[in-house]
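# Reading the structure
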Amino acid sequence: MIDAHIHLDWYQPAEREQLINRLEVNGMIAVSNHLKSCKEVWQLAQQYPFVYPAFGWHPEQPLPSDQEIDQILQLIEEKHQEIIAIGEVGLPYYTQREDPSLDPTAYRIILERFVQSAKQYDLPIVLHAVYQDAVIACDLLEDYQIQRAHFHWFKGDQQTINRLIDNQYMISITPDCWYEKEIQALIKRYPLELIMAETDGPWPFEGPFQDQMTHPNMIIEVIKKIAALKQLPAEEVQRQVTNNTIEFYRIHEKNKQKWSE
Ligand SMILES: [Zn+2]
């Protein structure tokens, strides 16, 4: 099993040690938030063979300098054969809701640069784009004919859900599937072949996960819930979801590269 989306660099060192010591899953896609985060994630991937690094700039923060984005794109260029994806990138849905005066165009321009980079290096792209932002992201992906797109923790209306399915874009489900009706409906609607499981750790969860440090092992519970909602055996869902993640991120190929170094 593979946690399809985690911010491993955001854990305190002691927490991270605990996380790794208790690990029951086989791997994790570690996304980055900004330039410093890319460098930390890269270090973690060198240290732990089960950490697959993705480089990007998270949209839910104040705008960066042009130089910072240039440097991240430069890092992607240098390491494009070793990184697993470009991410986390996207659009600032939650920040914009807090601050309606925010200029979305600048964020869109940044996202487009990462989309271009994903196209250039044939890397999957990990998107933070929910509700109406998912529509804008879809427009961009279609413009550049991007096939390997992963909308992590996706939320959106029926029309957008249908559009994602038509485009064969992947989504990933977090532990909130245990208590969010909207996510439960999405799981029922979305084809299992396009679903992965993630934690977005260290982001904390509620319900049965209240007051627990978010751990990649929580995807075991995510898979159980997906199986229950889809009325399928848990083992079958586990096999399919794991396979989806391995195929989408071409993990075997990346492992070979890691071993041959
Ligand atoms: Zn994230």
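The notes below deal with the structure included here.

About the criteria used
- Residues numbered from 1 in each chain as written.
- Predicted model: local features only at pLDDT ≥ 70, side-chain atom pairs only at ≥ 80, totals over all residues.
- Heavy atoms only, no water.
- Helix = DSSP H or I, 4+ residues; strand = E, 2+ residues; numbered from the N terminus.
- Rg over C-alpha atoms; globule rule 2.2 N^0.38 Å.
- Buried < 20%, exposed > 50% of the residue type's maximum accessible area, 1.4 Å probe, protein only.
- Contact = heavy atoms within 4.5 Å.
- Donors = N, O, S within 2.8 Å, 3.2 Å for Na, K, Ca; no water.
- Tetrahedral: all angles 85-135°; square planar, octahedral: opposite > 155°, others 65-115°.
- Expected span 1.5 Å × (residues − 1).
- Salt bridge = Lys/Arg side-chain N within 4 Å of Asp/Glu carboxyl O.
- Pairing = 2+ DSSP bridges.
- Axes fitted to C-alpha atoms, helices over the stretch in contact; angles between N-to-C directions.

This brings us to the overall build of the chain. Counting its regular elements, the chain contains 11 helices and eight strands. What you see for the chain is a C-alpha radius of gyration of 17 Å, in line with the 18 Å of a compact globule of 261 residues. Across its three principal axes, the chain shows a C-alpha extent of roughly 50 × 45 × 35 Å. For the chain, with 261 residues in total, the buried portion stands at 56%. Contacts spanning at least 24 positions in sequence make up 72% of the contacts within the chain whose residues lie at least 6 apart.

Let us now look at the environment of I2. Considering the arrangement of structural elements, one finds I2 in strand 1 (residues 2-6). Judged by its relative accessible area of 7%, I2 is buried. Between the C-alpha atoms of I2 and N243, which are 241 residues apart in sequence, the distance is 9.3 Å.

Around the zinc ion, the donor atoms from the protein are H5 (NE2), H7 (NE2), E88 (OE) and D200 (OD), and they sit 2.1 to 2.3 Å away. What the four donor atoms of the zinc ion show is an angle range of 84 to 170° at the metal, which sorts the shape as irregular. All donors of the zinc ion come from a single chain, and their spacing in sequence reads H-x1-H-x80-E-x111-D. Taken together, the residues span a long stretch of sequence, with H5 in strand 1 and E88 in strand 4 (residues 85-90) at a distance of 83 residues. The buried category is assigned to H5, whose relative accessible area is 0%.

Now for the environment of E180. In this structure, E180 sits in the loop between strand 7 (170-173) and helix 8 (181-189). Overall, the relative accessible area of 32% leaves E180 in the partly exposed class. In sequence terms E180 and E206 are 26 residues apart; their C-alpha atoms lie 9.9 Å from each other.

With that settled, the discussion passes to helix 7 (residues 158-166). Turning to helix 7, its buried residues are T160, I161, R163, L164 and I165. Residues of helix 7 that are buried make contact with helix 6 (132-143), strand 6 (149-152), strand 7 and helix 8. Two residues or fewer past helix 7, Q168 is found with a positive phi of approximately 60°.

Bringing helix 10 (residues 234-248) into the picture now. For helix 10, spanning 15 residues, the distance from its first C-alpha to its last is 21 Å, which sits close to the expected 21 Å at 1.5 Å a residue. When we look at burial in helix 10, the residues that qualify are V237, V241, T242, N244, T245, I246 and F248. Phi for R250, located one or two positions after helix 10, is positive at around 50°.

Further remarks concern the pattern of salt bridges. Inspection of every chain in the model, using the stated rule, returns seven salt bridges. Among the salt bridges present, the one from D122 reaches R148, with a minimum N-O distance of 4.0 Å. A residue pair is termed long-range when its members are at least 10 positions apart, and D122 in the loop between helix 5 (104-121) and strand 5 (125-128) and R148 in the loop between helix 6 and strand 6 qualify at 26 residues. The exposure class of D122 is partly exposed, given its relative accessible area of 47%. Classification of R148 by relative accessible area gives buried; the value is 14%. For R163, the salt bridge identified is with E142, shortest N-O distance 2.9 Å. Of this pair, R163 sits in helix 7 while E142 sits in helix 6, and the two are 21 residues apart along the sequence. Salt bridges linked by common partners bring D122, R148 and R250 together as one network.

Moving on: the sheet that holds strand 8 (residues 195-197). The parallel open sheet is built from eight strands, whose spatial order is 1-2-3-4-5-6-7-8. Strand pairing shows two members of the sheet lacking a second neighbour, strand 1 and strand 8, which therefore form its edges. Here the strands of the sheet are splayed against their neighbours by 30° on average, with no regard to which way each runs. As paired elements, strand 7 and strand 8 share three bridges and run parallel to each other. Bridging across to strand 8, I173 finds its partner in A197.

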